[in-house]
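# Overview (structure and organization)
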Amino acid sequence: MKIVAVTACPTGIAHTYMAAEHIERAAIAAGHEVSVETQGSMGIENELSAAQIDTADVVIFAVDIEVEKKERFEGKRIVQVGVAEAIKKPDALIARASA
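Overview of the structure. (Residues numbered from 1 in each chain as written. Predicted model: local features only at pLDDT ≥ 70, side-chain atom pairs only at ≥ 80, totals over all residues. Heavy atoms only, no water.)

### Some words on the nonpolar core
Note the threshold: In this description, a nonpolar core means a group of buried Ala, Val, Leu, Ile, Met, Phe, Trp, Tyr and Cys residues linked to one another through side-chain atoms lying within 4.5 Å. Here's how the labels work: a residue is buried when its accessible area is under 20% of the maximum for its type, exposed when over 50%, partly exposed in between, all with a 1.4 Å probe on protein chains only. Numbering goes from the N terminus for both helices and strands, where a helix is a DSSP run of H or I of at least four residues and a strand is a run of E of at least two. Residues are treated as being in contact if the distance between any of their heavy atoms lies within 4.5 Å.
Ranked by internal contacts, the top residues of the largest apolar core, which has 21 residues, are Ile3, Ile23, Ile60, Leu93 and Ile94. Going through the elements one at a time, strand E1 (2-8), helix H1 (15-29), strand E2 (33-40), strand E4 (58-63), strand E5 (78-81), helix H3 (83-88) and helix H4 (90-98) are the ones with two or more residues in this core. For this core, the leading source of residues is H1, giving five residues. Not counting the four nearest positions on each side in its chain, Ile23 is found in contact with Ala5, Thr7, Val34, Val36, Ile60, Ala62, Ala86, Leu93 and Ile94. By size, the runner-up hydrophobic cluster in this structure holds 11 residues, among which are Val6, Ala8, Phe61 and Val67.

### Observations concerning the environment of Ala30
Looking at the element boundaries, Ala30 is found in the loop between H1 and E2. On the basis of relative accessible area, Ala30 is assigned to the partly exposed category, the value being 46%. Considered as a pair, Ala30 and Val79 are 49 residues apart in the sequence and their alpha carbons are 17 Å apart.

### Some points on the pattern of salt bridges
Definition in use: Salt bridges are defined as contacts in which a side-chain nitrogen from Lys or Arg sits within 4 Å of a carboxyl oxygen from Asp or Glu.
Taken as a whole and judged by the stated rule, the model has six salt bridges. The residue Lys69 makes a salt bridge to Glu47 at a minimum N-O spacing of 3.0 Å. Taken together, the positions of Lys69 in the loop between E4 and E5 and Glu47 in the loop between strand E3 (43-45) and helix H2 (50-55) put the pair 22 residues apart, joining distant regions of the chain. With a closest N to O distance of 3.7 Å, Glu47 and Arg72 form a salt bridge. Here Glu47, found in the loop between E3 and H2, pairs with Arg72, found in the loop between E4 and E5; they are 25 residues apart in sequence, far enough to count as distant. If you follow the salt bridges from partner to partner, you end up with Glu37, Glu47, Lys69 and Arg72 in one network.

This is the structure in structure tokens:
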């Protein structure tokens, strides 16, 4: 399964990147292909391409703020959680997204 994710928190310093790392690890461990975009204090990093979004089976938003450029994901199946859930329960999040 192809998963794309966006992580973002209000300060965008630590939790945004921690959530990205946890999602990546859990998805790879479960045998999925994953790409994660972070929207932190440095702006958008690792911005997802249109091709990555188009071919994704599911989108995970692990965010505590509004996703920038959210219109890119219209029509996609989206699983949205807070950043804390992505950090604390990444395996459960990936299982939910891939169900």
